[in-house]
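# Survey of secondary and tertiary structure
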Amino acid sequence: MRIFGRYGFRRLEFERPVQVEPLPTRSARTAVAATPGTRGRVCSKADLRRSRSPHRIGTLNACSLDACAVSVCRRVQDGLRCKSAGGQPRTPKDTVRNSMQDGTRRTDAGLSGWHHVPDVPIEVSPFFGWPPDPKRMLGWVAARWLRLAENSILTVLALVCWLWLQPSLEVTKTLSWDWIGALFLRNLALMTIVAGGLHWFLYRAKLQGNRLKFDPRDLMVKGRQFTFGGQVRDNMFWTLTSGVGTWTAYEVLMFWAMGNGWVPVLFWSDNPIWFVALFVLTPVWISLHFYWIHRALHWGPLYRLAHALHHRNVNVGPWSGLSMHPVEHVLFFSSILIHVVVAASPVHILFHMQHQALTAVTSHAGFENLLVKDRKQLALGTFHHQMHHRYFEVNYGNLEMPWDKWFGTFHDGTSDAHERLKDRRQRRP
Ligand SMILES: [Zn+2]
Ligand SMILES: [Zn+2]
C-alpha cells in the first residue's frame, strides 16, 4: 500500500493485507484523541479526521506525530503491527516538528540502543524493483538531483573546479609537480572544508545539539586502538594523508592519460545527452563498485590487513568516512578506472572522485540531516551505513543499488531485520 505524504512518497507495508476501517464513533475517536502522546503530544480532532483513510495515516506519520500515528495505526489495523512509516525520499526542507523536540523520532520502537532512528524500513532505489513505480522513481531522482542534495551540490562543485581550478589537458599531458601539487592542495582544501566544517558544526560547536544524531555516544577522545591515541586525530591523519593522496593520485593518472590520448575523452558536442547522463549514472556505478570492493574487504586476510582500520570506528563522525588504510584507499577509489574504457570529460572525473571522497565524509557524519533553524537543510549520514559500523555484517553497499537485499545482508532498521540478524548469528557454529 503506497501512501503519498505531505513531502513525498511514503510507504506503509503491513504484514498481511488488512481491511482498513474508518474510526468507528466520535466517542472512540475522542478516546484515541485523549491518549497522551509518548512525548506529550495529544492527537487533535483534526488529526483524527485526517486519519480516516490509510492515506491519512501516512500523512500523520509524515507529520511526525508519533504517538498519534501509532494510536491510529494500531486501532485501524486491529492489532496488526505497522511495519513501516518510511520510504520517503530525503526531504531537505522538511520542517522539524514535534517529535524532534527531544531530538528523537522512532518509528520502530524495537531497535534499541540508538538515540535517533529514522523512518524505517530504509528504502533502496526504486529503479531495481518490480513492477516499475514511475512516481517513486521520479521522487528518488528529484530528491537527489533537483533539490539541495549531495549530488546537485557536487555537480556544481565539479563544474566550478573544472572551470577555474583545473589545468587543461594540454598541461596535464606532462607530469609536473606544479599542477600535481595544485591538485593536491585543492583536494586538501575541499576535504578540510567539508569534513572539518561538518565536524565543527556537529561535534565542536554542537550547533544542532543531539538532534538527529544516530548514536547516543560521543566520539572517542582516547582509545589505544587509534593512531595517536584518539579517534578524531586518527581519522584526520588517515584522511588527510593517504586519503587525499590517493584521491589526487587517481586524478593525476586520469588527467595525464587523457592529455596523452591514452583514454577516451568525451566532449559536450559529442553527445550532450550522454554527457548529462554520465553524471546521473556515476553514483549507480559507484554503488555497484563499492558493494563488491567492500565485500572483498571483509574477507579475513584483507580485513586484517586493511579494512580493520576503518572499523576502529564503531561510532562514526565526518572524519571517519575516508579514514582508511592505503590499500583500502587504492581499492575504494579504483571505481574511476571505468573511464579507461568509458569516455568521459575531465568534469566527470572531478565529479566522480569528489563524490567518492566527499560523500564518504557526509555519509559518516553520524547525523541524519543538517539542521539550520530547526529545518532540515541537507541529508547527511545514512543510518544504513551507521548500522554497518555497529552490527558489522550487514549493509555492505549503499542505497543506490539493492545489492544487500539481493544477497540477504540488508538491515532495514526494523526490529524484524534485527531479529533475523540475531538468528543468523546464533545459528553460526
Ligand atoms: Zn566494512
Ligand atoms: Zn564506513
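Residues numbered from 1 in each chain as written. Chains lettered and ligands numbered in written order. Predicted model: local features only at pLDDT ≥ 70, side-chain atom pairs only at ≥ 80, totals over all residues.

### Overview of the overall build of the chain
Going by this rule: Segments assigned H or I by DSSP are reported as helices when at least four residues long, segments assigned E as strands when at least two residues long, and all are numbered from the N terminus. Counting other C-beta atoms within 10 Å of a residue's C-beta gives its exposure: the residue is buried at 20 or more, exposed at 12 or fewer, and partly exposed in between, where C-beta atoms are placed from the backbone. C-beta atoms are placed from the backbone for every residue, and two residues are taken to be in contact when these atoms lie within 7 Å.
Check the secondary structure of the chain and you find 16 helices and four strands. Residues counted as buried form 42% of the 429 residues belonging to the chain. Contacts spanning at least 24 positions in sequence make up 69% of the contacts within the chain whose residues lie at least 6 apart.

### With respect to the pairing of strand β4 (residues 375-379)
What counts here: Think of it this way: DSSP has to see at least two bridges between two strands before they count as a pair.
Across four bridges, the pairing between strand β3 (residues 369-372) and β4 is antiparallel. Each residue of the ladder has a partner; that of Asn369, found in β4, is Ala379.

### Comments concerning the packing of helix α8 (residues 177-204) against helix α9 (residues 231-259)
Convention followed: To define axes, lines are fitted to C-alpha atoms, for helices over the stretch in contact only, and angles between the resulting N-to-C directions are given on a 0 to 180 degree scale. Comment on the angle field: the value is read as roughly parallel under 35 degrees, roughly antiparallel over 145, roughly perpendicular from 65 to 115, and oblique elsewhere. The sense of a crossing depends on the near helix, which, turned anticlockwise from the far helix by less than a right angle, makes the crossing left-handed and, turned clockwise, makes it right-handed.
At a closest axis distance of 9 Å, the pairing of α8 and α9 adopts a crossing angle of 130°. As judged from the angle between their axes, α8 and α9 are oblique. At the point where α8 passes α9, the crossing takes the right-handed sense. On α9, the residues touching Ile180, Leu183, Phe184, Asn187, Leu188, Met191 and Ala195 of α8 are Thr239, Leu240, Val244, Trp247, Thr248, Glu251 and Val252.

### Points about the environment of Phe267
Along the polypeptide, Phe267 turns up in the loop between α9 and α10 (272-297). Exposure remark for Phe267: the 10 C-beta atoms within 10 Å place this residue in the exposed category. Note: C-alpha distance between Phe267 and Ala344 (77 residues apart in sequence) is 7.7 Å.

### A closer look at the confidence of the model for the chain
In plain terms, the rule: Values of pLDDT, which run from 0 to 100, indicate the predictor's confidence residue by residue.
Looking at the chain as a whole, its pLDDT mean stands at 80, while 74% of the residues score no less than 70. A low-confidence stretch, residues 47-106 (pLDDT under 50), is modelled with 163 contacts involving residues beyond four sequence positions or located in other chains.

### Quick word on helix α13 (residues 346-363)
To keep it simple, the criterion reads: An expected span of 1.5 Å times one less than the residue number is assigned to each helix. Two axes are fitted around each residue, one to the seven residues ending there and one to the seven starting there, and the angle between them is reported as the bend at that residue.
End to end, α13 covers 25 Å across 18 residues, agreeing with the expected 26 Å (1.5 Å per residue, within 8%). Taking the largest bend as the criterion, α13 deviates by roughly 30°, centred on His355. With 18 of its 18 residues buried, α13 lies for the most part within the structure.

### Some remarks on the packing of α8 against α13
In plain terms, the rule: Gly counts as polar in this scheme, as do all residues outside two lists: the nonpolar Ala, Val, Leu, Ile, Met, Phe, Trp, Tyr, Cys and Pro, and the charged Asp, Glu, Lys and Arg.
Taken N-terminus to C-terminus, the directions of α8 and α13 make an angle of 20°; their axes are 9 Å apart at the nearest point. When the axis of α8 is compared with that of α13, the two are roughly parallel. Between α8 and α13 lies a crossing of right-handed hand. Where α8 abuts α13, its residues Leu190, Met191, Val194, Ala195 and Leu198 lie against Gln354, Ala357, Leu358 and Val361. In terms of residue class, the contact of α8 with α13 is built from eight nonpolar, one polar and no charged.

### What to know about the nonpolar core
Quick note on the threshold: By our criterion, buried Ala, Val, Leu, Ile, Met, Phe, Trp, Tyr and Cys residues that link up through C-beta atoms within 7 Å make up a nonpolar core.
With 46 residues, the main nonpolar core has Met254, Ile349, Met353, Ala357 and Val361 as its most contacted residues. Of all the secondary-structure elements, those providing two or more residues to this core are α6 (150-164), α8, α9, α10, α11 (300-310), α12 (326-332), α13 and β3. For Ala357, the residues in contact, after removing those within four places along its chain, are Met191, Trp247 and Leu322. Ranked by size, the runner-up nonpolar core spans eight residues in total, among them Val120, Ile122, Phe383 and Met387.

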